[in-house]
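Per-entry structural report
Each chain, written out:
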Number of protein chains: 2
Amino acid sequence: MQQSFPMNGGDGPHSYLKNSHFQRQATIVSRTMIEEAIAKKLDVKCFSSNPFRLADLGCSVGPNTFIAMQHIVEAVERKYLAQGLKSEMPEFQVFFNDHVANDFNTLFASLPTQRRYFACGVPGSFHGRLFPESSIHFMFSSHALHWLSKVPEELLDKNSPAWNRGRIHYTSGPEEVSHAYAAQFEHDMEIFLSARAKELVIGGMIVLIIPALPNGIPASQNPFGIMFDLLGASLMDMAKEGLISEAEVDSFNLPIHLASPKQMTELVERNECLIIERMELVDPRSNPAGPINGKECAMFLRAGLEGVFAQHFGSGIIDQLFDRLSKKIMESSHQLESGNKEGTLLFVLLRRK
Amino acid sequence: MQQSFPMNGGDGPHSYLKNSHFQRQATIVSRTMIEEAIAKKLDVKCFSSNPFRLADLGCSVGPNTFIAMQHIVEAVERKYLAQGLKSEMPEFQVFFNDHVANDFNTLFASLPTQRRYFACGVPGSFHGRLFPESSIHFMFSSHALHWLSKVPEELLDKNSPAWNRGRIHYTSGPEEVSHAYAAQFEHDMEIFLSARAKELVIGGMIVLIIPALPNGIPASQNPFGIMFDLLGASLMDMAKEGLISEAEVDSFNLPIHLASPKQMTELVERNECLIIERMELVDPRSNPAGPINGKECAMFLRAGLEGVFAQHFGSGIIDQLFDRLSKKIMESSHQLESGNKEGTLLFVLLRRK
């Protein structure tokens, strides 16, 4: 059984809609790279048929997905013009994909009214097929592929060396735990890439933006890794105060993996239909990065993670958990600010052979 | 501005999901007619490309739409086999369309897990374009096209002869009111048919199932017309008791039109790209039709109409309105049971030239 952890729906103070400006920065940083990819690498002449179909995999509820889709549509339009194909300008159809439990009602209600594309919602896990064969020309996925399809099974077995006592992630954990996460990620990515290779038209492209680690750097030096450790420490504090049980913490693991460029390269190379056009780490922070704001960081993490914590611990602990996290982030701000100068997001551009 | 009146969402006791067995009967009655249309009239050899794309326009939240879509997919599969095209069997993609305000979250959560198609939701009014040009092979719309895109404007003008005092529908009203409804329906259908003609591939088909009247029969002899009159009478009773004001009733009109085969034929013939393959009235009731159950009828009408009444009168009156309707239906059961022997639903099969 695959697990589903949607971002917070609706438009309330803890919604993803109101707390996704961090992810939006990544969209801004990657915009030029996507425009360059389309201008230099996308051969629209080889696409015979109208319309041009785009997909956002793990789109959540907006507004980031609308901004990204509009940039891509505009870049493709410029490409048609640049290639002297004005008379063959296609209509655009955009497929917004996320889990069935995603709040599609909110997504649809906030669709831009002036959009230049036909919009569809596609419910389902991208760890499987979503579209007919050879039907999509350009795919995009931002801040989604780091979610595993499920917690690796070994982590749920008390007698396994991968039993992750007192922690909620592989950051700072024993090697067996890291291995279990990596194996699950490799399994998921193999399925993901194989499905996308079937769905893309020949010459079609896919852009992935994924929270990631530089080669050879442990998760404990990465801002996300550090924050997962702080979340784990907050939970252990609450267990010590008797608010939850230690057993609950022991049996909980965040199904999130931080890949390295090396790991991603190896995984793509196993797929015979896709080739890497570009892969590099980028830094989504504004330059120079300002000081860390604990409350803001905690709100951003809460919009994405509340569901997975509430499912396991109940929703009663959520306010307190993220309040504690906010304080711990401020205490660790020096460590967080100095982490990962090489960039915390991996930009990957693939082409369908 | 177009108006939107979604069926009741969710899965509660008044939801469309739980109160749409009446519409389901129509799906059962029309099943054979759709299968015949696909077997005899659909030329799948002229469809060059994989996949086969279907759309349900005004799908609401299920389960009726899932039943209808599955029947169509199965009939098309049989057609490919019958034409010796087993090796060219396409993948299927189904587009579930309804207003933005439709409860797509419930629709997606109840999608059959064993479906043989890729599913998409398409938010937006079918009184306008929904899909790229030449991209859909088969369209279906049941119990949806009788909704007008808005209440005709003349009805909102106190000084117009079409001011509909003391009634909520053109049934039993003056000729000017009927004319205003008919003109709005013609305008809406022209836009609907023109959009569909653009979206269908050549040889593609569309099945419409619409609450309708036999030629030359007034709405006051039709079960729907009678029930709209009973709803109007219930509201007037409530106004006399001071629960609402008469002015509120005067300014409210149900944006629903009951077309005749003659009217539909004329409208389709105005469109140069579509031809009528079949059009006939059918009776959705089981045979022999059992006695009318007032409560069941009222529940079925409530699931579809609660939204439009609540928007105008406030949700406080809804329980009482439909309780009163239920009683009035029982008092008029003889009149309702004897109405429209020729059938109350119009089955229309169109083909894209």
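What comes next is a walk through the structure. These numbers were taken from a predicted model, which means no experiment stands behind them.

With respect to the nonpolar core
Among the nonpolar cores identified, the biggest contains 159 residues, and M264(A), L305(A), F309(A), M264(B), L305(B) and F309(B) are the most heavily contacted of them. Once residues within four sequence positions are removed from consideration, L305(A) is found in contact with W147(A), F228(A), L231(A), L254(A), I256(A) and F322(A). Counting residues in each nonpolar core, the second largest holds 78 residues, with V44(A), F108(A), M33(B) and F140(B) among its members.

A word on the environment of V201(A)
Residues and elements named next belong to chain A. Locating V201 in the fold gives a position in strand β5 (residues 200–211). Along the chain, V201 and S326 lie 125 residues apart, while their C-alpha atoms are 45 Å from each other. Those residues in contact with V201 that sit more than four places away from it in its chain are F47, S134, S135, I136, H137 and R352.

Structural notes on the relation of the copies chain A and chain B
Rotating chain A by 180° about the axis while translating it 0.0 Å along that axis superimposes it on chain B, leaving an RMSD of 0.0 Å. Both copies are brought into coincidence by an operation consistent with a two-fold rotation axis. The rotation axis passes nearest to the C-alpha of G121(A) in chain A, at a distance of 2.4 Å. The fraction of interface residues of chain A whose copies in chain B are also interface residues reaches 100%, indicating that both copies meet through the same surface.

Some details on the packing of aromatic side chains
Scanning all chains against the criterion turns up 29 aromatic pairs over all chains. Taking 5.9 Å as the distance between ring centres and 65° as the angle between the ring planes, the aromatic pair formed by F47(A) and F52(A) counts as edge-to-face. Summarising the aromatic geometry, the rings of F95(B) and F131(B) are spaced 5.4 Å apart at their centres and angled 70° between planes, so their arrangement reads as edge-to-face. In this pair, F95(B) sits in strand β2 (residues 92–98) while F131(B) sits in the loop between β3 (118–123) and β4 (136–142), placing the two residues 36 residues apart along the sequence. For the pair F95(B) and F131(B), one class covers both residues: buried. Chaining the aromatic ring pairs together yields one cluster made of F95(A), F131(A), F95(B) and F131(B). One Lys or Arg, R196(B), reaches over the ring of F192(B) and ends 4.8 Å from the middle of that ring.

Some points on the pattern of salt bridges
Residues and elements named next belong to chain B. One pass over the structure, following the stated rule, counts 40 salt bridges over all chains. Salt-bridge contacts for R129 lead to E199; the nearest nitrogen and oxygen are separated by 3.4 Å. Of this pair, R129 sits in the loop between β3 and β4 while E199 sits in helix α4 (residues 175–199), placing them 70 residues apart in sequence. Judged by its relative accessible area of 28%, R129 is partly exposed.

A word on unusual backbone geometry
A positive phi angle, near 45°, is found at S134(A), a position not held by glycine. Among the structural elements, S134(A) can be located in the loop between β3 (118–123) and β4 (136–142). Using a relative accessible area of 44% as the deciding quantity, one classes S134(A) as partly exposed. Although it is not a glycine, H143(B) sits at a positive phi angle of roughly 55°. With respect to the helices and strands, H143(B) occurs in the loop between β4 and α4. The buried category is assigned to H143(B), whose relative accessible area is 11%.

A short note on the interface of chain A and chain B
Counting residues at the interface gives 27 residues for chain A and 27 residues for chain B. Summing both partners gives a buried area of about 2,100 Å² for chain A against chain B, and 57% of it is carried by carbon and sulfur. Between R129(A) and E91(B) there is a salt bridge; the shortest N-O distance is 3.1 Å. Joining chain A to chain B, the criterion identifies 10 residue pairs in polar contact (both at pLDDT 80 or more). Broken down by secondary-structure element, the contributors of at least two residues to the side of chain A that touches chain B are β2 (92–98), α3 (104–109) and β3 of chain A.

Let's talk about the pairing of strand β7 (residues 345–352) of chain B
Residue and element names in this part refer to chain B. Taking burial as the measure, the 8 residues of β7 include 7 buried ones, the bulk of the element. As paired elements, strand β6 (residues 274–282) and β7 share 8 bridges and run antiparallel to each other. If you follow M279 over to β7, its bridge partner there is V348.

Quick look at the packing of helix α5 (residues 223–240) of chain A against helix α9 (residues 318–331) of chain A
Residue and element names in this part refer to chain A. Two elements in contact, α5 and α9, have axes separated by 9 Å at closest approach and are oriented at 125°. What the angle tells us is that α5 and α9 run oblique. Regarding α5 and α9, the two cross each other, and that crossing is right-handed. Judged by residue contacts, M227, L230, L231, A233, S234, L235, D237 and M238 of α5 engage Q320, L321, F322, R324, L325, K328 and I329 from α9. Split into classes, the residues belonging to the contact of α5 with α9 amount to 10 nonpolar, 2 polar and 3 charged.

A word on the side chain of S333(B)
Along the chain, S333(B) falls in helix α10 (residues 333–338). Exposure remark for S333(B): the relative accessible area of 18% places this residue in the buried category.

Comments concerning helix α8 (residues 294–313) of chain B
Side chains that are three or four residues apart share a direction in an α-helix, a result of its 3.6 residues per turn. Residue and element names in this part refer to chain B. Across its 20 residues, α8 extends only 23 Å between first and last C-alpha, which sits more than 12% below the 28 Å expected from 1.5 Å per residue. Of all the bends in α8, the greatest, near 60°, is centred on L305. The distance from a side-chain oxygen at the start of α8 to the backbone nitrogen of K295 is 3.0 Å, and the residue carrying that oxygen is N293.

Points about the environment of H334(A)
All names here are of chain A. Of note, H334 is situated in helix α10 (residues 333–338). Residue classification places H334 among the exposed positions, given a relative accessible area of 66%. Taking the C-alpha atoms as reference points, H334 and Q83, separated by 251 residues in sequence, lie 50 Å from one another.

Rules used in this analysis
- Residues numbered from 1 in each chain as written.
- Chains lettered and ligands numbered in written order.
- Predicted model: local features only at pLDDT ≥ 70, side-chain atom pairs only at ≥ 80, totals over all residues.
- Heavy atoms only, no water.
- Core = buried A, V, L, I, M, F, W, Y, C linked by side-chain atoms within 4.5 Å.
- Buried < 20%, exposed > 50% of the residue type's maximum accessible area, 1.4 Å probe, protein only.
- Contact = heavy atoms within 4.5 Å.
- Helix = DSSP H or I, 4+ residues; strand = E, 2+ residues; numbered from the N terminus.
- Least-squares fit on C-alpha atoms with pLDDT ≥ 70 in both.
- Phe/Tyr/Trp six-rings, centres within 6.5 Å; stacked < 30°, edge-to-face > 60°.
- Lys NZ or Arg CZ within 6 Å of the ring centre and 35° of its normal.
- Salt bridge = Lys/Arg side-chain N within 4 Å of Asp/Glu carboxyl O.
- Buried area = accessible area lost by both parts, 1.4 Å probe.
- Polar contact = N/O pair within 3.5 Å; in protein donor to acceptor, adjacent residues only side chain to side chain.
- Pairing = 2+ DSSP bridges.
- Axes fitted to C-alpha atoms, helices over the stretch in contact; angles between N-to-C directions.
- Parallel < 35°, antiparallel > 145°, perpendicular 65-115°, else oblique.
- Left-handed = near helix turned anticlockwise from the far one by under 90°.
- Nonpolar A, V, L, I, M, F, W, Y, C, P; charged D, E, K, R; others polar.
- Expected span 1.5 Å × (residues − 1).
- Bend = angle between axes of the 7 residues up to and from the residue.

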